[in-house]
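A structural walkthrough
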Amino acid sequence: MSANYTSRKRHLIAGNWKMNGMLQEAEQFVHDLAENPAPDHIEVALMPPFTLLHPMAELLSEKDVRLGAQSVYCELKGAFTGSISPLMLRDAGCHYVIIGHSERRDIMGEANELISKKLNVAWNNGLEPILCVGEHLEERQDGETNSVLRQQLSVLEDAAQGVALTLAYEPVWAIGTGLTATPAQVTETHAFIHEELSRLGHDCRVLYGGSVKPDNAAELMACPGVEGALVGGASLQADSFSNIVQAAASVAGA
Ligand code: PGA
């Protein structure tokens, strides 16, 4: 089984709930989200914690919202206590899996070698990775943003062309801090990422992530080379998440 989804909407708004969300909250969220459906030209996805994947798949079964996981282990089954297999994610109804999020790189120590294995296991088992890349503040201040991104993107060097892939540019200093990159920084960095992707033979959409909120979403989504958002904090409430979806839809065109 290989993931190769070519026909799909280009713009995606994905909600990463991180380590948040109880069953009752998920039920309420899905109920509230349904009051404000996404316009047809925008894809919407949610990445709740593992414990909510099966119930969320059920809750979303009649809705046009894709399900994703926040992480995956690089083996299919066996003695890996506490880990989640790509087969389990498929079984739970996931389409996406986030790989390389800065919280996993920085807190759990995940590096390129493991990230490459996770990408391969995702592709080989029908999951579409959302690969996150982004620089720390000191790296940006030292003029190292592009070299950091190039090094993080090097995990794609051996990936087959045409594999299902979404990229997310998330400056680490903008995640959960209320700071966002300026439109000029976003435009410049997305241009660099698209350039690197095409050098590596991949034409995929690139999301922006890092304190995306209803009041800045339209401005960020209007930057050239931005085709959606990976939203953390503001995805926990259905109304703010919906407002981001609507803002993105207004600038993405039909
Ligand atoms: P944030 O998180 O929107 O809370 O900054 C984004 C992310 O980590 O994907």
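Residues numbered from 1 in each chain as written. Predicted model: local features only at pLDDT ≥ 70, side-chain atom pairs only at ≥ 80, totals over all residues. Heavy atoms only, no water.

A look at the overall build of the protein chain
Within the protein chain, the regular secondary structure consists of 10 helices and eight strands. Relative to the 2.2 N^0.38 estimate, which gives 18 Å for 254 residues, the radius of gyration of the protein chain is 17 Å and therefore close to what a compact globule would have. For the protein chain, the spread of C-alpha atoms along the three principal axes comes to 45 × 45 × 35 Å. Counting all 254 residues of the protein chain, 51% fall into the buried class. Taking all contacts inside the protein chain whose residues are at least 6 apart in sequence as the whole, residues at least 24 apart take part in 74%. Counting every atom, the protein chain has about 11600 Å² of accessible surface; 50% of that belongs to carbon and sulfur. The averaged location of the 32 negative side-chain charges in the protein chain is 5 Å from the averaged location of its 17 positive side-chain charges. (Helix = DSSP H or I, 4+ residues; strand = E, 2+ residues; numbered from the N terminus. Rg over C-alpha atoms; globule rule 2.2 N^0.38 Å. Buried < 20%, exposed > 50% of the residue type's maximum accessible area, 1.4 Å probe, protein only. Contact = heavy atoms within 4.5 Å. Areas by Shrake-Rupley, 256 points an atom, 1.4 Å probe, with all protein chains shown as cover. Lys, Arg positive; Asp, Glu negative; His and termini not counted. Charge placed at Lys NZ, Arg CZ, Asp CG, Glu CD.)

Some words on the sheet that holds strand β8 (residues 228–231)
Taken in spatial order, the eight strands close into a barrel running β1-β2-β3-β4-β5-β6-β7-β8, and their pairing is parallel. Taking each pair of neighbouring strands and ignoring which way they run, the sheet shows an average axis angle of 25°. Relative to β8, strand β1 (residues 11–16) runs parallel, the two being bridged by four bridges. Across the sheet, the residue bridging to L12 is G228, located in β8. Of the strands in this sheet, β1, β2 (42–47) and β8 are in contact with helix α10 (residues 238–252), which crosses β2 at around 150°. (Pairing = 2+ DSSP bridges. Axes fitted to C-alpha atoms, helices over the stretch in contact; angles between N-to-C directions.)

Thoughts on the site of the ligand
Taken together, 13 residues sit near the ligand, with K18, H101, E170, G176 and S211 positioned nearest. The side chain of H101 places a nitrogen or oxygen atom 2.7 Å from an oxygen atom of the ligand. E170 is positioned with one of its side-chain polar atoms (N or O) 2.6 Å from an oxygen atom of the ligand. Burial of the ligand by the protein amounts to 97% of the accessible area it has alone, namely 280 Å². (Near = heavy atom within 4 Å. Polar contact = N/O pair within 3.5 Å; in protein donor to acceptor, adjacent residues only side chain to side chain.)

Topic: the confidence of the model for the protein chain
In the predicted model, the protein chain carries a mean pLDDT of 94, and 96% of its residues have values of at least 70. Across residues 1–7, where pLDDT falls below 50, the model places 19 contacts with residues more than four positions away in sequence or in other chains. (pLDDT = per-residue confidence, 0-100.)

Some remarks on the pattern of salt bridges
With the rule as written, the count across this model stands at 10 salt bridges. Between R66 and E43 there is a salt bridge, with its nearest N and O atoms 3.3 Å apart. Residue R66 is found in strand β3 (residues 66–69), and its partner E43 is found in strand β2; the two are separated by 23 residues along the sequence. Judged by its relative accessible area of 6%, E43 is buried. A salt bridge links E135 to R140, with the shortest nitrogen-to-oxygen separation between them at 2.7 Å. (Salt bridge = Lys/Arg side-chain N within 4 Å of Asp/Glu carboxyl O.)

Things to note about the environment of A249
In this fold, A249 is placed in helix α10. Residues A249 and D40, 209 residues apart in the sequence, show an inter-C-alpha distance of 8.9 Å. Once residues within four sequence positions are removed from consideration, A249 is found in contact with P39, H41 and I42.

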